[in-house]
Amino acid sequence: MEDMPAPRIYVERTLALIKPDAADRADEIENIMLKSGFAILQKRKVHLSPEQCSDFYAEQYGKLFFPSLTAFMSSGPITAMVLARDQAIAHLKQLMGPANSTKAKETHPESLRAIYGTSDLRNAVHGSESFSAAEREIQFMFPGSVIEPIPLGNAAKDYLSRFVNPTLLSGLTELCKRKPADPFTWLADWLIENNPNTPKVQDGVMTEEVKEELFTTDHKTSK
């Protein structure tokens, strides 16, 4: 009997926007997204200029509704969110419903656009159409984001052996030595305090090594 392959969980990211017409219902919409299995990785409220909206919707340039779309999207604040879950793009599209809110009320009455939208243009929410669109839109709204592919197979094993296992082994060894009353909480706190990716701080002052690293990162970002 052949060994069953280990289950693999794919976590996907997508961009969601709560548009100006639904700005006052943003908390409700966020709660619905959370209850639908999404995690909110990043969130910001922003008021885009018409020029920024034109850049964001560049793929729609030349279409008859383009001027109305950019005018509407720059008419008030929006909430931008990076959402994550398995098949996030498809699940968000299903949760939003058809782009035309009138049609959504008929065919998908429980969708976000049916509940909060009022027309084809004022349809409350936006979600990335595809993986490539999600990458571009997340970078647009969150310029500092790093979107990396999730390692699988041998790459995942190599990542775990190099970056995860050594720290975890050290924590478990220390746990055995100290034998705390609540081992789970103690280990969680230890892992947070000894996270190798956390900047090194000595007496409240950041070390020169980290200062240099942050300076380099900020310099690259500002270009």
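Structure: see above.
Residues numbered from 1 in each chain as written. Predicted model: local features only at pLDDT ≥ 70, side-chain atom pairs only at ≥ 80, totals over all residues. Heavy atoms only, no water.

Bringing the overall build of the chain into the picture now. Looking only at helices and strands, the chain has 10 helices and six strands in total. Residues classed as buried in the chain amount to 31% of the 223 residues present. Put simply, 68% of the contacts in the chain that link residues at least 6 apart link residues at least 24 apart. Accessible area of the chain: about 14,900 Å², with a carbon and sulfur share of 56%. (Helix = DSSP H or I, 4+ residues; strand = E, 2+ residues; numbered from the N terminus. Buried < 20%, exposed > 50% of the residue type's maximum accessible area, 1.4 Å probe, protein only. Contact = heavy atoms within 4.5 Å. Areas by Shrake-Rupley, 256 points an atom, 1.4 Å probe, with all protein chains shown as cover.)

On to helix H1 (residues 26-35), then. Each α-helix turn comprises 3.6 residues. Residues three or four places apart therefore point the same way. Of the positions making up H1, those classed as buried are Ala26, Ile29, Glu30 and Met33. On an axial view of H1, the arc spanned by its buried residues comes to 100°, and they lie on one face. Exposed side of H1, more than 90 degrees from the buried face: Asp27 and Lys35 are the residues found there. Residues of H1 that are buried make contact with strand E1 (12-18), strand E2 (39-46), strand E3 (78-85), helix H4 (88-96), helix H6 (112-116) and strand E4 (125-127). Just past H1, the residue Gly37 takes up positive phi, approximately 100°. (Arc of directions from axis to C-beta.)

Another aspect to go through is the pattern of salt bridges. Evaluation of the coordinates by the stated rule reveals seven salt bridges. A salt bridge links Glu28 to Arg25, with the shortest nitrogen-to-oxygen separation between them at 3.0 Å. For Glu28, a relative accessible area of 36% puts it in the partly exposed group. Note on Arg25: relative accessible area 35%, which makes it partly exposed. Two residues, Arg178 and Glu174, come together in a salt bridge whose shortest N-O distance is 2.9 Å. (Salt bridge = Lys/Arg side-chain N within 4 Å of Asp/Glu carboxyl O.)

Take helix H3 (residues 66-73) next. Taken together, the buried positions of H3 are occupied by Phe66, Leu69, Thr70, Phe72 and Met73. Viewed end-on, H3 has its buried residues packed into an arc of 165°, placing them on one side of the element. Along its buried surface, H3 packs onto E1, helix H2 (50-56) and E3.

This part covers a nonpolar patch on the surface. Judged by side-chain polarity, Leu160, Val164, Leu168 and Leu172 come together as a nonpolar surface patch covering roughly 280 Å² of accessible area. The topology assignment puts Leu172 in helix H8 (residues 153-178). (Patch = residues over 30% accessible without salt bridge, like charges linked within 9 Å, V, L, I, M, F, W, Y side chains within 5 Å.)

A few words now on the sheet that holds E3. Strand-to-strand pairing in sheets goes through backbone hydrogen bonds, with the strands running parallel or antiparallel. Taken in spatial order, the four strands of this open sheet run E2-E3-E1-E4, and their pairing is antiparallel. Strands at the two margins of the open sheet, each flanked by one partner only, are E2 and E4. The mean inter-strand angle of the sheet, taken between neighbouring strand axes irrespective of direction, is 20°. In terms of strand pairing, E1 meets E3 through seven bridges, oriented antiparallel. Residue Ile18 lies in a different strand from E3, and its bridge partner there is Thr79. Running at roughly 5° to E3, H1 makes contact with E1, E2, E3 and E4 of the sheet. Across the sheet, H4 touches E1, E3 and E4, and the angle it forms with E1 is around 30°. (Pairing = 2+ DSSP bridges. Axes fitted to C-alpha atoms, helices over the stretch in contact; angles between N-to-C directions.)

Let us look at the packing of aromatic side chains. Counted according to the given criterion, the structure contains three aromatic pairs. Ring plane angle 80° and centroid distance 5.4 Å describe the contact between Tyr61 and Phe66, whose orientation is recorded as edge-to-face. Judged by its relative accessible area of 67%, Tyr61 falls in the exposed class. Put simply, the rings of Phe56, Tyr57 and Phe140 touch in pairs and so form one group of aromatic residues. Across from the ring centre of Phe38, 5.5 Å away, lies the NZ or CZ of Arg85, which sits over that ring. Against the face of Phe56 rests Arg136, its NZ or CZ located 6.0 Å from the ring centre. (Phe/Tyr/Trp six-rings, centres within 6.5 Å; stacked < 30°, edge-to-face > 60°. Lys NZ or Arg CZ within 6 Å of the ring centre and 35° of its normal.)

Note on placement: Thr79 falls in strand E3. The residues touching Thr79, leaving out its near neighbours within four places in the chain, are Ala16, Leu17, Ile18, Ala26, Glu30, Lys43, Arg44 and Lys45.

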